[in-house]
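Residue strings, one per chain:
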Amino acid sequence: MEKREELYRGKAKSVYKTDDADRLILLFRNDTSAFDGKRIEQLDRKGMVNNKFNAFIMQKLEAAGIPTQFDKLLADNEVLVKKLDMIPVECVVRNYAAGSLVKRLGVEEGMKLNPYTFELFLKDDAKGDPFINESHVVAFGWGTAEQLARMKELSLKVNEVLSKLFDDAGLLLVDFKLEFGVFSDGSIVLGDEFSPDGCRLWDKDTKKKMDKDRFRQGLGDVIEAYEEVANRLGVPL
Ligand SMILES: Nc1ncnc2c1ncn2[C@@H]1O[C@H](COP(=O)(O)OP(=O)(O)OP(=O)(O)O)[C@@H](O)[C@H]1O
Ligand SMILES: [Mg+2]
């Protein structure tokens, strides 16, 4: 397997072609962004921690029957993945109120949501990743009703599997964001990454934030918290 030219450079990862038309390499950089890319900093070890964390989670999900992009770890900062035609919609599942939900609805942070909520956002930094609903996805052609139904089904299954996994490690899975894409065989597959950059994790007892909110809110010890989460889960770093 050979690494070819850079296809795309995102805010946190770079995407490379390979000699296999169905495979890409994701390179996790140390760049850490917040507020739709308006604030960017370099955090030591972040690329490595997120790459290994993501590989661990994707393999747990795959074992639970969720189709993921994961193929194999190539290096500390690189992973080989299935090449997907990404659907530009972020699927967000929330178990407790936090972030934009608190701002939008004025509810208290930490309020238990019963049941969980499922939300969609358009992946478009220039527009501030606006809140959208299922009819927008179909009307604007970002995905079909069938694809959307599958994305929702898989998102809720991910919630089930990971809520338990984090609970066993003494952590609350507050919320998370997923991106899906279409593989060459037409199936919907979980893409991008699952890491503390794209979810909220709180210590079950102290409610200490262990995710990217430490960066957004200037709480410090960002990567130290990511590493503690990884250690609690048994992710080899
Ligand atoms: N398996 C995959 N196949 C194709 N593209 C992928 C895959 N996994 C992730 N991507 C895309 O690669 C990019 C990853 O880079 P990164 O997460 O840094 O970008 P981003 O800044 O969040 O996204 P964007 O610049 O698109 O808003 C994203 O655009 C993501 O949708
Ligand atoms: Mg991203």
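Before reading on, note that the structure itself is shown above.
In this text the structure is predicted, and so the values were computed from the model without any measurement.

A. Molecular detail of the site of ligand 1. Around ligand 1 there are 17 residues in total, and Tyr8, Lys11, Ala12, Lys13 and Gln69 lie nearest to it. In this structure, a nitrogen atom belonging to ligand 1 sits 3.0 Å away from a main-chain N or O atom of leucine 84. Here ligand 1 loses 86% of its free accessible area of 600 Å² to cover by the protein chains. Elements with a minimum of two residues in the shell around ligand 1: strand S2 (13-18) and strand S7 (78-82).

B. Structural detail: helix H4 (residues 145-168). In this model H4 runs 35 Å from its N-terminal to its C-terminal C-alpha over 24 residues, within 8% of the 34 Å that 1.5 Å per residue would give. Leu148, Met151, Leu154, Ser155, Val158, Asn159, Leu162, Leu165 and Phe166 are the residues of H4 that are buried. Backbone geometry just after H4 places glycine 170 at a positive phi near 75°.

C. Seen up close, the environment of glycine 191. If you trace the backbone, glycine 191 turns up in strand S12 (residues 188-191). Taking the relative accessible area as the measure of exposure, glycine 191 reaches 1% and is therefore buried. With 106 residues separating them in the primary sequence, glycine 191 and aspartate 85 have C-alpha atoms 9.5 Å apart. Beyond its immediate chain neighbours, meaning those up to four positions away, glycine 191 contacts Met58, Gln69, Leu84, Met86, Glu179 and Phe180.

D. Just the sheet that holds S7, in detail. The antiparallel open sheet is built from 5 strands, whose spatial order is S1-S2-S3-S7-S6. Bordering the open sheet on either side are strand S1 (3-9) and strand S6 (70-75), each of which pairs with just one other strand. Each strand axis lies, on average, 30° off the axis of its neighbour in the sheet, ignoring direction. Relative to S6, helix H1 (residues 46-63) is tilted by about 150°, and along the sheet it contacts strand S3 (23-28), S6 and S7.

E. How the structure looks around unusual backbone geometry. Geometrically, the link from asparagine 114 to proline 115 is a cis peptide bond, its omega value of 0° lying close to zero. Relative to the helices and strands, proline 115 resides in strand S9 (residues 112-122). The phi torsion at lysine 207 lies on the positive side, around 65°, for a residue other than glycine. Relative to the helices and strands, lysine 207 is located in the loop between strand S13 (199-203) and helix H5 (213-216). With a phi close to 45°, aspartate 221 is a non-glycine residue in the positive phi region. Its location among the elements puts aspartate 221 in the loop between H5 and helix H6 (222-233).

F. How the structure looks around the nonpolar core. In terms of nonpolar packing, the biggest core is built from 48 residues, with Phe53, Ile57, Leu162, Phe166, Phe194 and Leu233 touching the most fellow members. With 7 residues, the top contributor of residues to this core is H4. Mapping this core onto the domain boundaries places at least three of its residues in each of domain 1 (1-80) and domain 2 (84-220). For leucine 233, the residues in contact, after removing those within four places along its chain, are Phe53, Phe56, Ile57, Leu165, Phe166 and Ala169. If you look at the next biggest cluster of nonpolar residues, it comprises 8 residues, including Ala34, Phe215, Ile223 and Tyr226.

Parameters at a glance
Residues numbered from 1 in each chain as written. Chains lettered and ligands numbered in written order. Predicted model: local features only at pLDDT ≥ 70, side-chain atom pairs only at ≥ 80, totals over all residues. Heavy atoms only, no water. Near = heavy atom within 4 Å. Polar contact = N/O pair within 3.5 Å; in protein donor to acceptor, adjacent residues only side chain to side chain. Areas by Shrake-Rupley, 256 points an atom, 1.4 Å probe, with all protein chains shown as cover. Helix = DSSP H or I, 4+ residues; strand = E, 2+ residues; numbered from the N terminus. Expected span 1.5 Å × (residues − 1). Buried < 20%, exposed > 50% of the residue type's maximum accessible area, 1.4 Å probe, protein only. Contact = heavy atoms within 4.5 Å. Pairing = 2+ DSSP bridges. Axes fitted to C-alpha atoms, helices over the stretch in contact; angles between N-to-C directions. Core = buried A, V, L, I, M, F, W, Y, C linked by side-chain atoms within 4.5 Å. Domains from an automatic or database assignment.

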